[in-house]
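# Observations on chain architecture
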Amino acid sequence: MTFPSDENLRGLISALANPQTRAAESTALAKRLGALDLIFLVRDPDLNILRPAPGFPQTLAGGPTWTELIGRCEIAGDFRITLAHPDVRHLEPTQAWVGADGTVLLLIGGDPGVPVSTLAENSDLLIALLRSEAREDAAVASARSAGDLTRRATALASSLDQARAHVAGNARALRDALSEAARLNRELRLLNETLEQRVQEEIADRMKAEEALRQAQKMEAIGQLTGGVAHDFNNLLTVIIGGLDNMARHLDAGPAARDEGRLRRGLDMATQSAERAATLTARLLAFSRRQALDPKPLQADRLVRDIGDLLRRTLGEQVSLELVASPGLWTALADPNELEQALLNLAVNARDAMPGGGKLTIETANVFLDDAYLSTVAEPVSAGQYVMVAVSDTGEGMDSETLSHVFEPFFTTKEIGKGTGLGLSQVYGFVRQSGGHVRVYSEVGQGTSAKLYLPRVHGDAAEPVASARRRDISLLRGTETVLLVEDDDDVRSYSSGVLRELGYQVIEASDASKALAALSHNPEVDLLFTDVVLPGGVHGGKLADEVRQRRPRIRVLFTSGYTRNAIVHNGRLDPGLQLITKPFTYEELAEHVRRALDTGEASGS
């Protein structure tokens, strides 16, 4: 593009002298200079405000960018800014120049080859003309306003004269009218009071109806939830009870008739169903955001890469897996185990949505969720920086109706027996409890993309923490004394049996008062292993505080299937506390007890 010299530029600018063609000429000049538009603003001397000069577009967008422009126009000189174009409403880079008299020249959009200051230097005659036209327009407007005011004042004076004559001639009639008006006002006031009462009664009736509707919807949701739980647990209990019954019958038959293979199959069936029941409970807790999360700084890229082999085995040969890392990815704050489970759930859903095969892509990125985006989100989410993990497939996709129910518990489009419908609800509960946000996009026949937004960690806390590896069971034995507090007899019997088998000395108690009594007679206690929820009004957290006051060096290990807020606040363990969730296995209990004794914090130690 060839740009004009100063002399030619003055000639082009002179074409703007005609107010009738000024808008078209200014646009043509701007495009010749490499911009989208050229606009002059002049300052109103009376109101001290900026407004487009006569003949220029009067539709400049307002908002924060306009406010910023006004603030920067107090000082003469040139600067750059972004403004919304008057026609397309897109934010465009803009060169701005402010003259000593307050005139503003804007070159909007594009990449102009002529600096705005040069354009301003060659526009001195046009600026003088524009200011003159603006003053003339203001004077004409003032004259018109003064004429209107004069006509209105004359009409008002005439009306006042007529009214004065009318009042003077009809004083008695006016007093009667005022008396009647007072009476009508009293009646109207009484009517308004009655109307207000009727409105209040109508509002109360409507609120009752809405409350009844909410209650019905809540009961329907509870019915759906309990029905789904009952259905799945009945199936699991059938297998567990059947397996145990099968084992009992073979044990009763005596050694000669005992079939070790069938005994092992019964044991495996019962164990697998119990593990599925535990998984179902964990998903319910995740959906209700009642699970105890242990968030740590983590690198999402590394976690995704580490579980890549597991995902490939899960997806099978018909589905290709692509992992897309993001250079410079921020550190996220989340429970790594729960994040792995969430990604596995999403991968299984994606695989089922691609029965004929397809492609699954897991990618990460740094994102910023701003107020504009969050205004479209129903649940409360804080604006800021997040680490995004997106799981996208090329499957069947979902319509808008199905998409609106994806996070509901026990909602599934799969055949009966093919899924619980808790996978996505678990993902939703985990991400929301972690302080993040989750969004699912889908189109029928195109595929689905689930995006998990995890909060970013700043500062020293951003250093990822290595996950602890399970140690050899032979190294998890001990001879210390454990005070076991559990109100459920069967759980207490099972736990004490495992601890004794591991070599520990065990003192049992069913509630806090018995535990404190046992503590006073057994000074050798090394570890308090207590349930969070205990009978008698003293929960495990209070019991631990009391025990540590009496014996500051005692370690503490909590256990619970449902923690409420006793030791878990906002879904996260209080710092320094250790928890093993129910149900737990022999190996898990051995590892947590040994870890609590070896690394657990003890007040005063």
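Source: prediction; values computed, not measured. (Residues numbered from 1 in each chain as written. Predicted model: local features only at pLDDT ≥ 70, side-chain atom pairs only at ≥ 80, totals over all residues. Heavy atoms only, no water.)

Attention now goes to the overall build of the chain. Within the chain one finds 17 helices and 19 strands. Out of the 605 residues in the chain, the part that is buried amounts to 39%. In the chain, the proportion of contacts linking residues at least 24 apart, taken out of those at least 6 apart, comes to 67%. Summed over its atoms, the accessible surface of the chain is roughly 33700 Å², and 53% of this surface lies on carbon and sulfur atoms. (Helix = DSSP H or I, 4+ residues; strand = E, 2+ residues; numbered from the N terminus. Buried < 20%, exposed > 50% of the residue type's maximum accessible area, 1.4 Å probe, protein only. Contact = heavy atoms within 4.5 Å. Areas by Shrake-Rupley, 256 points an atom, 1.4 Å probe, with all protein chains shown as cover.)

Attention shifts here to helix α10 (residues 336-352). Residues three or four positions apart in an α-helix share a direction because the helix packs 3.6 residues into each turn. The first and last C-alpha atoms of α10 sit 24 Å apart over 17 residues, in line with the 24 Å expected at 1.5 Å per residue. Backbone nitrogen of asparagine 337 and a side-chain oxygen of the N-cap are separated by 3.1 Å at the start of α10; the cap is aspartate 335. (Expected span 1.5 Å × (residues − 1). Polar contact = N/O pair within 3.5 Å; in protein donor to acceptor, adjacent residues only side chain to side chain.)

Here helix α14 (residues 489-501) crosses helix α17 (residues 586-599) at 65°, and the two axes come no closer than 10 Å. On the basis of the axis angle, α14 is roughly perpendicular to α17. Crossing handedness for the pair α14 and α17: right-handed. Here Tyr494, Ser495, Val498, Leu499 and Glu501 of α14 lie close against α17, whose contacting residues are Tyr586, Leu589 and Val593. Residues belonging to the contact of α14 with α17 are distributed by class as follows: six nonpolar, one polar and one charged. (Axes fitted to C-alpha atoms, helices over the stretch in contact; angles between N-to-C directions. Parallel < 35°, antiparallel > 145°, perpendicular 65-115°, else oblique. Left-handed = near helix turned anticlockwise from the far one by under 90°. Nonpolar A, V, L, I, M, F, W, Y, C, P; charged D, E, K, R; others polar.)

Our focus in this paragraph is the nonpolar core. By size, the foremost hydrophobic cluster in this structure holds 37 residues, and its most contacted members are Leu339, Leu343, Leu346, Leu360, Ile362 and Leu452. It is α10 that provides the largest number of residues to this core, a total of six residues. Not counting residues within four places of it along the chain, the set of residues in contact with leucine 346 comprises Val391, Leu424, Val427, Ala450 and Leu452. Membership of the second largest hydrophobic core comes to 35 residues, among which are Leu38, Ala53, Val98 and Ile108. (Core = buried A, V, L, I, M, F, W, Y, C linked by side-chain atoms within 4.5 Å.)

In this section: the side chain of serine 496. Position of serine 496 relative to the elements: it lies in helix α14. Judged by relative accessible area, serine 496 falls into the buried class, the value being 3%. A polar side-chain atom of serine 496 sits 3.3 Å from a polar atom in the side chain of glutamate 508. When neighbours within four sequence positions are excluded, serine 496 is seen to be in contact with Leu484, Val506 and Glu508.

With that settled, the discussion passes to the sheet that holds strand β5 (residues 104-108). With antiparallel pairing, five strands are arranged side by side in an open sheet as β2-β1-β5-β4-β3. Among the strands making up the open sheet, the edge pair consists of β2 (50-52) and β3 (77-84). Taken over all neighbouring pairs, the strand axes of this sheet differ in orientation by 30° on average, direction set aside. Looking at chain direction, strand β1 (residues 37-43) and β2 are connected through three bridges and run antiparallel. Residue pairing for β2: leucine 41 is matched across the bridge by proline 52. (Pairing = 2+ DSSP bridges.)

The next thing to look at is the confidence of the model for the chain. Confidence in the prediction for the chain averages 79 pLDDT; 77% of positions are at 70 or higher. Here residues 465-470 scores under 50 on pLDDT; set against residues more than four positions off or in separate chains, the count is six contacts. (pLDDT = per-residue confidence, 0-100.)

This next bit is on the sheet that holds strand β9 (residues 358-369). Judged by pairing direction, the sheet is mixed, and its five strands sit side by side in the order β7-β9-β10-β12-β11 without closing on themselves. Whereas interior strands pair on both sides, the edge strands pair on one side only; in this sheet they are β7 (319-324) and β11 (437-443). Neighbour to neighbour, the strand axes of the sheet diverge by 20° on average, direction disregarded. The pairing of β7 with β9 spans six bridges and is classified as parallel.

The next point concerns the packing of helix α9 (residues 308-315) against α10. Viewed as axis vectors pointing N to C, α9 and α10 meet at an angle of 30°, and their least axial separation amounts to 10 Å. Relative to α10, the element α9 lies roughly parallel. Along this stretch, α9 crosses α10, giving a crossing that reads as right-handed. On the side of α9, the interface is formed by Leu311, Thr314 and Leu315, while α10 contributes Leu343, Leu344, Ala347, Val348 and Arg351. The residue makeup of the contact of α9 with α10, split by class, is six nonpolar, one polar and one charged.

Among the residues of α9, Gly308, Leu311, Thr314 and Leu315 are the ones counted as buried. Buried residues along α9 cover an arc of 125° about the axis, so they all sit on one side. At the C-terminal side of α9, glycine 316 shows a positive phi close to 85°. (Arc of directions from axis to C-beta.)

Moving on: the environment of glycine 110. Following the sequence through the fold, glycine 110 ends up in the loop between β5 and α4 (116-121). For the pair glycine 110 and proline 93, spaced 17 residues apart in the sequence, the C-alpha separation amounts to 7.2 Å.

Relative to strand β12 (residues 447-455), β11 runs antiparallel, the two being bridged by seven bridges. Looking at β12, one finds that arginine 439 is bridged to lysine 451. Hairpin connection, β11 to β12: the antiparallel pair is bridged by three residues, and glycine 445 has positive phi, about 80°.

So, about the pairing of β1. Judged by how many residues are buried, β1 sits mostly within the fold: seven of seven residues are covered. Residues Asp37, Ile39, Leu41 and Arg43 point to one face of β1 and Leu38, Phe40 and Val42 to the other, with burial holding for every one of them. With five bridges connecting them, β1 and β5 associate as antiparallel partners. Counted as the bridge partner of leucine 38 is leucine 107 from β5.

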